[in-house]
Amino acid sequence: MNFILLTQNTTPIIGQVAKLLGWIMNGIFYVIDKIGVPNVGLAIILFTIVVYMLMMPLTIKQQKFSKLSAKMNPELQAIQAKYKGRSDNDSAMAQNAEIQAVYAKYGVSPTGSCVQLLIQMPILFALYRVIYAMPAYVTKIGNTFRVLADKIISVDNGDFIRNSQVESIANTVGMYGKSLTDGTNVSNGIIDVLNKLSSIDLAAVAEHYDLGQLTYEGQLILNSDTTRGLIDTYNNFLGLNIGDSPMTLIRQGWMSGLWGIVIGAALIPVLSAVTQWINVKLMPQAATDKDNSQASSMAQSMKTMNMIMPIFSAWLCLSLPAGMGLYWVAGSVVRSIQQIIINKHIDKLDFEEIIKKNSVKSAKKLERIQKQQSLMKEYSNMNTKNIQSKTSVSSTDQKQSGSVSQNTSASSSAKPGSMMAKANMVKDYNERNNNK
């Protein structure tokens with residue numbers, strides 16, 4: 001697992017997609033910084049909206065596939081019932097041809113849904129990666145942390161962070177500072193750790209290294225008694241520091257008597273669970289055949305999973321930076337709005353007309369499938385006849401061989417020139433003529 005968070009992801013496909021999404025995130029942050037709102041929370045929301053809008057054509061295509069699948073499933077189940085218990089080669093080929101004909105009729109591919117998911121999954125993983133490692137993809141945030149890292153390296157090369165006796169700092173180094181501990185890139189490792197430290201731990205590091213007066217582009221990086229620092233400005237969203245986890249924020253707010261922070265922090269995991277549950281409810285549910293026990297079991301498992309996942313995400317939100325929770329909430333809200341729009345769009349579609357058009361388009365394909373089926377059947381029959389012919393010839397040869405061997409044995413037992421020998425010669429002659 002790659003823990004060098006500042007280094008951009010190099011996983012095949014996901015790394016390339018993350019780099020592309022990183023350019024989008026960097027562009028968004030650049031724009032909101034220029035208008036005077038350099039806020040990570042706002043950037044995450046805008047970034048999530050942009051990416052999900054770009055993915056909307058894929059989502060619509062997937063929803064159409066689901067609707068068409070629901071309409072053609074009865075036909076597929078009828079075909080499966082028709083050939084149930086028939087395992088011979090002809091039946092298997094006929095069943096496969098009929099199933100292909102149904103898919104061609106509805107204009108969908110058996111792998112259509114899988115292909116769309118395979119396209120979406122790298123985008124979603126890369127999206128998570130960019131948000132979780134902002135300094136690696138957003139130039140201004142990375143440069144701000146770089147100033148702190150350079151100062152730390154000039155003092156003790158990061159030994160205090162590497163060997164910290166503060167448990168939370170030590171745990172963060174263990175999880176995110178591989179480049180710091182193995183020496184491959186100390187600067188990147190320090191930035192990784194600083195980016196993941198809570199505001200309290202970051203203040204402890206700043207005090208040890210005297211980082212309070214450092215500036216970037218003429219602005220203080222860390223908070224002073226009178227001025228809010230750049231990092232706090234980046235992370236402050238509606239009064240919450242989204243660099244801290246909701247659990248940390250709740251604890252700090254409780255100890256300080258700041259009930260607004262406690263409520264705001266608690267709302268993040270709650271909203272994450274609720275919005276995801278709403279999103280699941282808005283998704284079109286496939287109709288299941290009660291007589292099909294396997295399909296019913298799968299549907300029940302999916303229903304259970306849809307209930308568990310929102311609760312699980314709420315639990316994760318408590319320990320992850322609040323920015324990740326904000327991303328989950330924003331993503332669920334955007335998907336829910338998209339789903340309402342898509343549902344209205346799909347409900348207006350005349351699927352009977354779509355099926356009719358697909359049937360016309362697939363007429364040639366159906367003809368080709370039927371021709372292939374006919375050729376394969378002829379080939380199968382030819383093979384069967386050849387096998388039977390070879391078996392028959394082999395059996396005849398064996399009989400002739402046995403007859404000859406018996407006659408040879410009988411002939412060999414008779415004395416040359418005797419009556420027995422002459423009788424055997426006549427018998428052999430007659431049998432050969434009869435076999436012709």
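Data block above holds the structure.
Residues numbered from 1 in each chain as written. Predicted model: local features only at pLDDT ≥ 70, side-chain atom pairs only at ≥ 80, totals over all residues. Heavy atoms only, no water.

Colleague: Give me the lowdown on the packing of helix H9 (residues 167–176) against helix H11 (residues 186–196), citing residues and values where you can.
Modeller: The geometry of H9 relative to H11 is characterised by a closest axis approach of 9 Å and an angle of 125 degrees between their N-to-C directions. One element, H9, and the other, H11, form an angle in the oblique class. For the pair H9 and H11, the sense of crossing is right-handed. On the side of H9, the interface is formed by Thr 172, Val 173 and Tyr 176, while H11 contributes Asp 192, Val 193 and Lys 196. When the residues that make up the contact of H9 with H11 are grouped by side-chain class, the tally is three nonpolar, one polar and two charged. (Axes fitted to C-alpha atoms, helices over the stretch in contact; angles between N-to-C directions. Helix = DSSP H or I, 4+ residues; strand = E, 2+ residues; numbered from the N terminus. Parallel < 35°, antiparallel > 145°, perpendicular 65-115°, else oblique. Left-handed = near helix turned anticlockwise from the far one by under 90°. Contact = heavy atoms within 4.5 Å. Nonpolar A, V, L, I, M, F, W, Y, C, P; charged D, E, K, R; others polar.)

Colleague: So what's going on with the packing of aromatic side chains? Residues and values would help.
Modeller: One pass over the structure, following the stated rule, counts five aromatic pairs. Between Tyr 128 and Tyr 132, the ring centres sit 5.5 Å apart and the planes meet at 15 degrees, which makes this aromatic pair stacked. Residue Tyr 128 and its partner Tyr 132 are both found in helix H5 (residues 112–132); the two are separated by four residues, about one turn of the helix. For Tyr 128, a relative accessible area of 33% gives the class partly exposed. The class of Tyr 132 is buried, set by a relative accessible area of 11%. Taken together, a centroid distance of 5.1 Å and an interplanar angle of 85 degrees make the contact between Trp 254 and Trp 259 edge-to-face. The lysine or arginine in question, Lys 196, covers the ring of Tyr 132, its NZ or CZ lying 3.7 Å from the ring centre. (Phe/Tyr/Trp six-rings, centres within 6.5 Å; stacked < 30°, edge-to-face > 60°. Buried < 20%, exposed > 50% of the residue type's maximum accessible area, 1.4 Å probe, protein only. Lys NZ or Arg CZ within 6 Å of the ring centre and 35° of its normal.)

Colleague: Could you give an account of the side chain of Asp 244, naming the residues involved and the relevant values?
Modeller: Inspection of the secondary structure puts Asp 244 in the loop between strand E4 (240–241) and helix H14 (246–256). No salt bridge is formed by the buried Asp 244; the nearest opposite charge belongs to Arg 251, separated by 9.3 Å. Non-local contacts of Asp 244, meaning those with residues more than four positions away in its chain, are made with Leu 197, Ser 198, Ser 199, Leu 249, Gln 252, Leu 320, Pro 321 and Ala 322. (Lys, Arg positive; Asp, Glu negative; His and termini not counted. Salt bridge = Lys/Arg side-chain N within 4 Å of Asp/Glu carboxyl O.)

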